[in-house]
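# Residue-level structure breakdown
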Amino acid sequence: LLANGQKTKILVTGENEESRLMRGKLENTPVVIQGNEIGITESDKYLGFTVSQKGVQESIKMTLDERTKKAWNRQYLIKSAVNNPAMQKNGFVRSTAVLFRSIITPTLMYSCETWFGISKGFVKDLEKRYRKILCNILDIPVTGKYEALLNELGLIKAETFMDIQKMCFINN
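Now for a quick tour of the structure. (Residues numbered from 1 in each chain as written. Predicted model: local features only at pLDDT ≥ 70, side-chain atom pairs only at ≥ 80, totals over all residues. Heavy atoms only, no water.)

## Some thoughts on the overall build of the protein chain
Secondary structure assignment for the protein chain yields seven helices and five strands. Beginning at the N terminus, the succession of helices and strands in the protein chain can be written as β-α-β-β-β-β-α-α-α-α-α-α. In the protein chain, which comprises 172 residues, the proportion classed as buried is 33%. When the accessible surface of the protein chain is totalled, it reaches about 10,900 Å², and 55% of it is carbon and sulfur. (Helix = DSSP H or I, 4+ residues; strand = E, 2+ residues; numbered from the N terminus. Buried < 20%, exposed > 50% of the residue type's maximum accessible area, 1.4 Å probe, protein only. Areas by Shrake-Rupley, 256 points an atom, 1.4 Å probe, with all protein chains shown as cover.)

## Details of the sheet that holds strand S2 (residues 31–33)
Taken in spatial order, the three strands line up as S1-S3-S2 in an open sheet, and their pairing is mixed. Each end of this open sheet is capped by a strand with a single partner; those strands are strand S1 (9–10) and S2. The pairing of S1 with strand S3 (residues 36–40) spans two bridges and is parallel. The partner of Ile-10 across the bridge, within S3, is Ile-40. (Pairing = 2+ DSSP bridges.)

## Considerations on unusual backbone geometry
Of note in this structure, Gln-34 is not a glycine but carries a positive phi near 50°. Turning to its location among the elements, Gln-34 is positioned in the loop between S2 and S3. Of note, Asp-139 is a non-glycine position whose phi angle comes to about 55°, a positive value. Inspection of the secondary structure assignment puts Asp-139 in the loop between helix H5 (120–138) and helix H6 (146–153).

## A few points about the packing of H5 against helix H7 (residues 158–171)
One can describe the packing of H5 onto H7 by two numbers: an axis separation of 8 Å at closest approach and a directional angle of 115°. Listed contacts from H7 to Val-123, Leu-126, Glu-127 and Tyr-130 of H5 are Ala-158, Glu-159 and Met-162. Per-class residue counts for the contact of H5 with H7 are five nonpolar, no polar and two charged. (Axes fitted to C-alpha atoms, helices over the stretch in contact; angles between N-to-C directions. Contact = heavy atoms within 4.5 Å. Nonpolar A, V, L, I, M, F, W, Y, C, P; charged D, E, K, R; others polar.)

Now the structure itself:
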């Protein structure tokens, strides 16, 4: 088994004195594996989750920022698909709901069952992102009644989705 010198990194989490000392030691005396000097990083991806040296909250925020960008890119695919004549036989609203549920929700919410200890502000921000993407796909203003929109489309709030995922995760 060979180590990849470009991909292998060391991430020391925490903002306390001990963590800072460890990062300093590793910078002064780098770890060498199979002749490759292993660098230190402030954040890195692992299984689709960004891990930050600043801790769990920052890791979740960075992960959500990345996922939001991906979701915005994918909403263009949905807009294109629902305007395709083959999809229009199912109806614009129904097609949008199905594609949103199957593409945007998993993109934005992947591994949300592990997001424990997040603040109410974070949940509010997550819901705002979810709403903006949905309204953009439908070409409607974000100022309308969100709950009515979700109900009409047969969708649930991002927070509710996250709670369901957490319950399933805990019960397995």
